[in-house]
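# Fold and contact review
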Amino acid sequence: MYALYPTNHVCVYTVTCQTTLLHFSLKGAETHTHTEAPSVAANWTDSLAIDLLQWNNGLKDQEITGCVPEDEAYIPTYLEAFPPLPEKGAPGEKSGEPASAWGSKIRPIKASVITQVFHVPLEERRYKDNSQFGEGEEAKVCLDIMHRTGAHIELSLAKDQGLSIMVTGKLDSVMKARKEIVARLQTQASATVAIPKEHHRFVIGKNGEKLQELELKTATKIAIPRPDDPSANIRITGTKEGIEKARHEILLISAEQDKRAVERLSLEKAFHPFIAGVHNRLVQELSQETGARISIPPPSLPKDEIVITGEKEAVALAVNRIRAIYEDKKRKTTTISVEVKKSQHRYIIGPKGNTLQEILEATGVSVEMPPLDSASETIILRGEPDKLGPALTQVYAKAKSVMVLEVSAPAWLHRFIIGKKGQNIGRITQQLPRVHIEFTDGEERISLEGPTEEVEQAQAQIQEIINDLLVRMDYTEVNIDQRFHRHLIGKNGANSE
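Residues numbered from 1 in each chain as written. Predicted model: local features only at pLDDT ≥ 70, side-chain atom pairs only at ≥ 80, totals over all residues. Heavy atoms only, no water.

As annotated in an unreviewed UniProt entry, the protein chain carries the name K Homology domain-containing protein and comes from Ataeniobius toweri.

## Some thoughts on the overall build of the protein chain
In terms of regular secondary structure, the protein chain is built from 17 helices and 18 strands. Counting every position in the protein chain, which comprises 497 residues, the buried fraction comes to 35%. In the protein chain, the proportion of contacts linking residues at least 24 apart, taken out of those at least 6 apart, comes to 65%. Accessible surface computed for the protein chain: about 30,900 Å², of which carbon and sulfur atoms make up 52%. (Helix = DSSP H or I, 4+ residues; strand = E, 2+ residues; numbered from the N terminus. Buried < 20%, exposed > 50% of the residue type's maximum accessible area, 1.4 Å probe, protein only. Contact = heavy atoms within 4.5 Å. Areas by Shrake-Rupley, 256 points an atom, 1.4 Å probe, with all protein chains shown as cover.)

## Details of the packing of helix α4 (residues 171-185) against helix α6 (residues 209-218)
Running from amino to carboxyl end, α4 crosses α6 at an angle of 70 degrees, the nearest separation of the two axes being 8 Å. When the axis of α4 is compared with that of α6, the two are roughly perpendicular. Crossing angle aside, the handedness with which α4 passes α6 is left-handed. On α6, the residues that touch Met175, Lys176 and Lys179 of α4 are Glu215, Leu216 and Lys217. Within the contact of α4 with α6, the residues separate by chemical class into two nonpolar, no polar and four charged. (Axes fitted to C-alpha atoms, helices over the stretch in contact; angles between N-to-C directions. Parallel < 35°, antiparallel > 145°, perpendicular 65-115°, else oblique. Left-handed = near helix turned anticlockwise from the far one by under 90°. Nonpolar A, V, L, I, M, F, W, Y, C, P; charged D, E, K, R; others polar.)

## A look at the packing of aromatic side chains
Under the defined criterion, the tally for this structure stands at four aromatic pairs. Where Phe271 meets Tyr326, the ring centres are 5.3 Å apart and the plane angle is 80 degrees; that geometry is what we call edge-to-face. Placement of Phe271 in the loop between β10 (261-266) and α8 (272-276) and of Tyr326 in helix α10 (residues 312-332) is noted, with a sequence separation of 55 residues between them. Looking at Tyr326, the relative accessible area reads 9%, which means it is buried. Measuring from ring centre to ring centre gives 6.4 Å for Trp412 and Phe416, while their planes differ by 70 degrees; the resulting arrangement is edge-to-face. Each residue in the set Phe271, Phe274 and Tyr326 is aromatic and connected to the rest through ring pairs, giving one cluster. Against the face of Phe271 rests Arg382, its NZ or CZ located 5.1 Å from the ring centre. Directly above the aromatic system of Tyr396 lies the positively charged group of Lys400, at a separation of 5.9 Å from the ring centroid. (Phe/Tyr/Trp six-rings, centres within 6.5 Å; stacked < 30°, edge-to-face > 60°. Lys NZ or Arg CZ within 6 Å of the ring centre and 35° of its normal.)

## A short note on the sheet that holds strand β14 (residues 366-368)
The strands that make up a sheet are held in pairs by hydrogen bonds between backbone atoms, and each pair lies either parallel or antiparallel. The antiparallel open sheet is built from three strands, whose spatial order is β13-β15-β14. Of all the strands in the sheet, just β13 (334-339) and β14 have a single pairing partner and so form its edges. Across the sheet, the mean angle separating the axes of adjacent strands is 25 degrees when strand polarity is ignored. Here six bridges tie β13 to strand β15 (residues 378-383), and the two strands are oriented antiparallel to one another. By the bridge assignment for β15, Ile336 is matched with Leu381. Set on the sheet, helix α13 (residues 385-400) makes contact with β13, β14 and β15; between it and β15 the angle comes to about 145 degrees. (Pairing = 2+ DSSP bridges.)

## A closer look at the side chain of Arg125
Within the secondary structure, Arg125 sits in the loop between β4 (113-120) and α3 (137-149). Residue Arg125 is classed as buried on the basis of its relative accessible area of 1%. Separated by 2.9 Å, the side chain of Arg125 and the backbone oxygen of Tyr127 make a polar contact. At 3.1 Å, the side chain of Arg125 and the side chain of Glu138 are in polar contact. (Polar contact = N/O pair within 3.5 Å; in protein donor to acceptor, adjacent residues only side chain to side chain.)

## Considering a nonpolar patch on the surface
On the surface, a nonpolar cluster with roughly 380 Å² of combined accessible area is contributed by Val478, Ile480, Phe484 and Leu488. Looking at the secondary structure, you find Val478 in the loop between α16 (452-472) and α17 (485-489). Taking the relative accessible area as the measure of exposure, Val478 reaches 61% and is therefore exposed. (Patch = residues over 30% accessible without salt bridge, like charges linked within 9 Å, V, L, I, M, F, W, Y side chains within 5 Å. Salt bridge = Lys/Arg side-chain N within 4 Å of Asp/Glu carboxyl O.)

## A short note on the nonpolar core
In terms of nonpolar packing, the biggest core is built from 24 residues, with Leu267, Ile275, Ile294, Ile296, Ile306, Ile308 and Ile322 touching the most fellow members. In terms of residue count, the dominant contributor to this core is α10 (seven residues). Those residues in contact with Ile296 that lie beyond four places of it in its chain are His248, His272, Ile275, Ala276, Val283 and Ile306. Counting residues in hydrophobic clusters, the runner-up holds 18 residues, among them Ala409, Ile425, Ile437 and Ile462. (Core = buried A, V, L, I, M, F, W, Y, C linked by side-chain atoms within 4.5 Å.)

## Looking at unusual backbone geometry
Most peptide bonds take the trans form, and the phi angle of most residues other than glycine is negative. Even without a glycine there, the phi angle at Ala219 is positive, about 55 degrees. By the secondary structure assignment, Ala219 is in the loop between α6 and β8 (221-223). Using a relative accessible area of 8% as the deciding quantity, one classes Ala219 as buried. In this structure, Asn280 is a non-glycine residue whose phi angle is positive, near 65 degrees. In this fold, Asn280 is placed in the loop between α8 and α9 (281-290). A relative accessible area of 38% means that Asn280 is categorised as partly exposed.

Next up, the structure:
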């Protein structure tokens, strides 16, 4: 009996009699002279079937003991010897027709590995001890997350002492890893959003799929009251940015299901700060005055659409008020553009965007920053002409509030400048805690970053250490055969001390 079993790209032919079992492994051109694509494989399988039948006849001629007697031998047809494998038909084909195992085209495999990079600011880091960076709790947490999700995680320390995190892997693994990183390495805030109780099930979705998707998308934990709980409040836990995104998405879901009036206004994103007001105070006042629910996308979400829901009269009133603010600002405001070094942008933004809100509150001018992942250094100020000057002054002041300096020092001298167990640098950072000092291996410079006055003081102290060391020390390289290195070092490093 003969049967063909395709196994990946290897075809195994099995010839069986009562006591004899022989295997033939065919692997493309390794065993056959044919090198055609799989679509022509049926041609040489015909030939192989004949060869195998002749081989079987040869077995009978040699009267191998244990096989089926000659009068009972049965030679199968080609279709019986090589039955086609059942496969799903291509779109449009009838399901009853068997698909050819050899004629089907191999579909291209799409890349399934992605990489996401995101930043955890210093003020939101759960573990702030940098003395054990790469070995402490952060490293243990990352190893655990990699083990649990299958994603690859790389941590690096930014100049502002924040964490830069790169996550690589399949989409599902990356999203799960990011959610766990945010939950375990970043300090968590919480907020509540109230929507009608009957809308909760739409946030949850079928079998909880919508809720899971929303949690992964925003890297938050969303707690929805049980059906028997009369509360309409949904609690969101996560980072400030994640909470804003989740809240916005939940309100949109509720708005879609709200049987009352729903109005969508597509207004330029640049004018949203004037509608929201400082720390969203204006939009909250509008909501209280009109009774309508107003959802403005957070700054991190590039959407122009503002959604207003509620009773028809309340929605109409809110729409008119918002349009009036928009038209007024569009008519009265103008813009100026300035170039500021990319490294200084974060000082203009401030922690959680607070500095931008301070400028808006003090001058009425909105400061538009390019995305952090963009190479652009252009900052746009939008406001009334007579207020742009004071706002620009504040922007420059914030940008220069932190100075970055470099001190030249030979690379070999760095460890002596740092001192034994970091004594020299530790003394400076204790006196000037807001100054960040960075040594880079192989580079003959030391970077200082912090408030201008303190950076200048740190620069003077480091320069004094360098001058003192250069008077007392020198450096040269001597080439010595590697065989003698251990003798120079001495037992337990006795000679190198």
